[in-house]
There are 2 protein chains.
Amino acid sequence: MRPSRSGTFAKPWRSSTGSSSRPSMARLRDVADVAGVSVTTASRVLNGADASHPVSPEVRAAVTAAAEQLGYRPSATARALKQGRSDLIGVIVSDILDPYFGELTRGIEIASAAAGFVTVSANGNRDPEQELTRFRALRQHGAAGIVFCGSDIDGAPGTAALAREVNRAIREGTRVVSLAPRGFTSAQIVVDNTATSAHLTAHLIGTGARDIVFVGGIPGLAAADERISGYRSTMYERGLKPHVVGLDGMNQTAGRDVVATILAGATTPDAFLCTNDETAVGAIAALWNAGVDVPGDVAIASIGGTAGGRIFDLTAVELPLGELGRLAVEYVADDTDRVPDAPVATLRIGRTTRERTD
Amino acid sequence: MRPSRSGTFAKPWRSSTGSSSRPSMARLRDVADVAGVSVTTASRVLNGADASHPVSPEVRAAVTAAAEQLGYRPSATARALKQGRSDLIGVIVSDILDPYFGELTRGIEIASAAAGFVTVSANGNRDPEQELTRFRALRQHGAAGIVFCGSDIDGAPGTAALAREVNRAIREGTRVVSLAPRGFTSAQIVVDNTATSAHLTAHLIGTGARDIVFVGGIPGLAAADERISGYRSTMYERGLKPHVVGLDGMNQTAGRDVVATILAGATTPDAFLCTNDETAVGAIAALWNAGVDVPGDVAIASIGGTAGGRIFDLTAVELPLGELGRLAVEYVADDTDRVPDAPVATLRIGRTTRERTD
DNA sequence: TTGTAGGCGTTATCAG
DNA sequence: CTGATAACGCCTACAA
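Residues numbered from 1 in each chain as written. Chains lettered and ligands numbered in written order. Predicted model: local features only at pLDDT ≥ 70, side-chain atom pairs only at ≥ 80, totals over all residues. Heavy atoms only, no water.

Chain A has the name LacI family transcriptional regulator in an unreviewed UniProt entry, where Pseudoclavibacter chungangensis is given as its organism.

Given below as structure tokens:
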């Protein structure tokens, strides 16, 4: 430990003389000066282990004390610039109001924290142009990985441009993974929506339902289209006529409005099969407002797995959301290109459907 | 425009020879080289207007073309390091599953985008230590501003440490604002929870309710405590006995569980006054599951303003969430220390309460 | 109208 | 065991 430099020379260009100026963030250099060591040494102490460059206990203590005293926080910006990537994992969600994405994000967060990353999420708002803006920002900030949580809308203005940008980013080394079907070349960890939906449709038929209406979706949204497809083919297989309604959204409002409209009509179906928990809750709201008995008059089921569905004791195929998030981080953190297999969904029987009668 | 440098010298230290190496992100220097100009000129063109340093149309076109061709994306990291702050506005939410925070975040996002910022949110999970981690990360990444969306829990382990860190950050120049009561020295833009709750309580009494149960909260959570306080004092003023239950959460599960317990008891109250929309939806789920008529048997109201409440046509004090978010950005973007006034809440009468009988 | 050079805070490479 | 020094990619006085 060499003798401390004089205070005057410690921060030559910082106005330590200007009495009323507010203190700015302490830099590594400030810590080094206070501790009376070089920035190199300070860096080594504060970075933790560096086997090839041991530091004496006294110096270590001095640096630690100085850092503590100054409230030193390393600049993630400088570190990211130097190392070519930051400690951020970015999540692009399709709808910040839908807890489905919240559950995925929580899974990502937990795994991220364990791996030393910080998760930040940005709202794509189901708009390719906003997704592109957010994706760019995350990438430009050197995110170690970027996770897309929902699918894209085929043919929507901006979808192609987003795909080009993402593909380019991937070529240039950014780790990108999607937890829903997407039209770009990223890794994808996706539960089989078609099979899942077919399974749930079969279950409803098994409970005696025949007139099953599929609720919700957005034309071109891959995940939604796949669910409709699974429903349709199962209905046809059983000789039943599929009926899809409410293709104007994946949220509670979409579900409520279309179910309310149907309830105002002449006949009520046996069951509503909702594309996700949000539309299902919307459907429940419509039924509740109309005083319709569930599952006496009509059954409801959905494809989801959020807490909101369980609150209403909804019969639902529950997707393993937390696990999907964990796998996304596993892919990002792993430097190989092995893509983890998607976990499987499970059927949870609630009180919104009848017992099986067979 | 000077003659192009030879390709060999353009990227001396980059292995343009290694045929199989993947292309990395283009830098400003690469653009300049391709366009045959200096980085300064390239910077000027790509940064947009700089009146004192005009650029000739040909050079401008060459640079633009080069940037386009290379897919150039400026490094936000380098820019942030140079300029001392980034274009990020960080939002710390208390519960990523609660759309209340989603609505606030959307307000922030919209205003941010208009002001040229990018909004990223991080989940504090109602845990001061996680909030601290997220806050530090955002700050270290040079966030232009950090917005807290929910209150802190007085006395919880970590709350004091968070406050110290936030206060220090503020002293050191970080713009911090809270949209809920907090125990640190940041700007706060907060709707009057006490008055709001008192107003709603009075409304319920006006509809004829006498046995009004307040549902939900977390002891020490300022916003929740204030709502309880407004309820309590109004009840006392009218000679009624307050009854607060479910102080173990602000989410749907908390609301559902406590209401289910009450419904299992001997008597049913006249009304449930829920601390937020989430507990109200939980209460509705419990009532729905139990087949209780609303508002025939019991009324429900809440303090919120999310879409979820409107779906169920809930009587609620609606907080101006989007507007609060907008004001937060206004504060962050403004370099003065003027704190915008909080907007007022409005009462929305839905079908979950009876008509006024007076 | 365009270019040169220095530095933002950190880490890595090389000397001592 | 410890230090000086050179980048990382960008912006911006200051030249020319």
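J.: So what exactly am I meant to see when it comes to the protein's contact with DNA strand D here?
T.: Taken together, the neighbourhood of DNA strand D is formed by 28 residues, with Thr41 and Ser56 of chain A together with Leu28, Tyr72 and Arg79 of chain B sitting nearest. Counting only the atoms of DNA strand D that lie within 4 Å of the protein, the sugar and phosphate share comes to 60%. At 2.8 Å from a phosphate oxygen of DNA strand D is found a side-chain nitrogen or oxygen belonging to Tyr72 of chain B. Note that a phosphate oxygen of DNA strand D is positioned 2.5 Å from one of the side-chain N or O atoms of Arg79 of chain B. Only helix 3 (39-46) and helix 5 (76-83) of chain A together with helix 3 (39-46) and helix 5 (76-83) of chain B provide two or more residues apiece to the surface near DNA strand D. Among the elements that line the surface near DNA strand D, the one with the most residues is helix 5 of chain B, at 4 residues. Split by residue class, the surface near DNA strand D holds 10 nonpolar, 11 polar and 7 charged. (Near = heavy atom within 4 Å. Polar contact = N/O pair within 3.5 Å; in protein donor to acceptor, adjacent residues only side chain to side chain. Helix = DSSP H or I, 4+ residues; strand = E, 2+ residues; numbered from the N terminus. Nonpolar A, V, L, I, M, F, W, Y, C, P; charged D, E, K, R; others polar.)

J.: What exactly am I supposed to notice about the relation of the copies chain A and chain B here?
T.: Two copies of one chain are present, and they are related through a rotation about an axis combined with an axial shift. Overlaying chain A on chain B yields an RMSD of 0.1 Å, the required transformation being a rotation through 180 degrees with an accompanying axial translation of 0.0 Å. On the angle and the small slide along the axis, the relation comes out as a two-fold axis. Both copies contact each other with a shared surface, as 100% of the interface residues of chain A are interface residues in chain B too. (Least-squares fit on C-alpha atoms with pLDDT ≥ 70 in both. Contact = heavy atoms within 4.5 Å.)

J.: Please explain helix 4 (residues 57-70) of chain B as it appears in this structure.
T.: Residues that lie three or four places apart on an α-helix share one face, since the helix turns once every 3.6 residues. Between the first and last C-alpha of helix 4 of chain B there are 20 Å, a value that for 14 residues agrees with the 20 Å anticipated at 1.5 Å per step. Those residues of helix 4 of chain B that are buried lie in contact with helix 8 (159-171) of chain A together with helix 2 (28-35) and helix 3 of chain B. Downstream of helix 4 of chain B by one or two residues, Gly71 of chain B has phi in the positive range, about 65 degrees. (Expected span 1.5 Å × (residues − 1).)

J.: Help me understand the interface of chain A and chain B, please; the structure alone is not making it clear to me.
T.: In many analyses, interface size is given as the accessible surface area lost on bringing the parts together. At the junction of the two partners, chain A supplies 63 residues and chain B supplies 64 residues. Carbon and sulfur atoms supply 59% of the area buried between chain A and chain B, which totals about 5,700 Å² over both sides. It is His141, Trp288 and Ile311 of chain A in chain A that bury the most area against chain B; as a group they hold 15% of the surface buried on that side. At the boundary of chain A and chain B, one finds 2 salt bridges. Put simply, Arg73 of chain A and Glu165 of chain B hold a salt bridge, and the shortest N to O gap is 2.6 Å. Connecting chain A to chain B are 17 residue pairs in polar contact (both at pLDDT 80 or more). (Buried area = accessible area lost by both parts, 1.4 Å probe. Salt bridge = Lys/Arg side-chain N within 4 Å of Asp/Glu carboxyl O.)

J.: Quick question: what am I supposed to make of the environment of Pro320 of chain A here?
T.: Residue and element names in this part refer to chain A. Along the chain, Pro320 turns up in the loop between strand 10 (315-318) and helix 14 (321-333). A C-alpha to C-alpha distance of 47 Å links Pro320 and Arg29, two positions 291 residues apart in sequence. Not counting residues within four places of it along the chain, the set of residues in contact with Pro320 comprises Val191, Pro343, Val344 and Ala345.

J.: I keep staring at the protein's contact with DNA strand C and nothing clicks. Help me out?
T.: Within the structure, DNA strand C sits among 28 residues, and Leu28 and Tyr72 of chain A together with Thr40, Thr41 and His53 of chain B are positioned closest to it. At a separation of 3.2 Å, a phosphate oxygen of DNA strand C approaches a polar side-chain atom of Asn47 of chain A. One of the side-chain nitrogen or oxygen atoms of Tyr72 of chain A is found 2.6 Å away from a phosphate oxygen of DNA strand C. Elements with a contribution of two residues or more to the surface near DNA strand C: helix 3 and helix 5 of chain A together with helix 3 and helix 5 of chain B.

J.: In this structure, what is going on with the pattern of salt bridges? I would like to understand it.
T.: Opposite charge on two side chains allows them to pair when their charged atoms are near. This structure, assessed with the given rule, holds 30 salt bridges over all chains. Put simply, Arg256 of chain B and Asp257 of chain B hold a salt bridge, and the shortest N to O gap is 3.1 Å. Judged by relative accessible area, which is 23%, Arg256 of chain B ranks as partly exposed. Exposure remark for Asp257 of chain B: the relative accessible area of 38% places this residue in the partly exposed category. Salt bridges sharing partners connect three or more residues here, namely Arg310, Asp313, Glu318 and Arg348 of chain A. (Buried < 20%, exposed > 50% of the residue type's maximum accessible area, 1.4 Å probe, protein only.)

J.: I keep staring at the pairing of strand 3 (residues 145-148) of chain B and nothing clicks. Help me out?
T.: A regular strand carries its side chains on alternate faces of the sheet. All names here are of chain B. The alternating pattern of strand 3 places Gly145 and Val147 on one face and Ile146 and Phe148 on the opposite face, and all of these are buried. In the sheet, strand 1 (residues 88-93) pairs with strand 3 via 4 bridges, with the strands oriented parallel. From the neighbouring strand, Gly90 faces strand 3, where its bridge partner is Ile146. Both strand 3 and strand 4 (residues 175-178) contribute to a ladder of 4 bridges, which runs parallel. By the bridge assignment, Gly145 is partnered in strand 4 with Arg175. (Pairing = 2+ DSSP bridges.)

J.: How do you make sense of the packing of aromatic side chains when you look at a structure like this?
T.: When we look at a pair of aromatic rings, we describe it by the centre distance and by the angle of the planes. The full count for this structure, using the stated rule, is 11 aromatic pairs over all chains. Look at Trp288 of chain A and Phe312 of chain B: their rings are 5.8 Å apart centre to centre, the planes differ by 70 degrees, and that puts the pair in the edge-to-face class. One end of the pair, Trp288 of chain A, is in helix 12 (residues 277-290); the other, Phe312 of chain B, is in the loop between helix 13 (307-311) and strand 10 (315-318), on a second chain. Pairwise contacts between aromatic rings join Trp288 and Phe312 of chain A together with Trp288 and Phe312 of chain B into one cluster. Over the ring of Trp288 of chain B we find Arg351 of chain A, and its NZ or CZ is 4.6 Å from the ring centre. (Phe/Tyr/Trp six-rings, centres within 6.5 Å; stacked < 30°, edge-to-face > 60°. Lys NZ or Arg CZ within 6 Å of the ring centre and 35° of its normal.)

J.: It is not clear to me how the sheet that holds strand 10 of chain B should be interpreted in this structure. Could you clarify?
T.: Pairing between the strands of a sheet is mediated by backbone hydrogen bonds and can be parallel or antiparallel. All names here are of chain B. If you trace the 6 strands from one edge of the open sheet to the other, you get 7-6-8-9-10-11, paired in mixed fashion. Two strands bound the open sheet, and with one partner strand each, they are strand 7 (243-245) and strand 11 (346-348). Put simply, the sheet's adjacent strands are angled 20 degrees from each other on average, direction ignored. Relative to strand 7, strand 6 (residues 212-215) is paired through 3 bridges, and the arrangement is parallel. Of the residues in strand 7, the one forming a bridge with Val213 is His243. Docked against the sheet, helix 9 (residues 193-206) engages strand 6, strand 8 (271-274), strand 9 (299-304), strand 10 and strand 11, running at close to 165 degrees with respect to strand 9. Along the sheet, helix 11 (residues 252-263) makes contact with strand 6, strand 7 and strand 8, crossing strand 6 at roughly 150 degrees. (Axes fitted to C-alpha atoms, helices over the stretch in contact; angles between N-to-C directions.)

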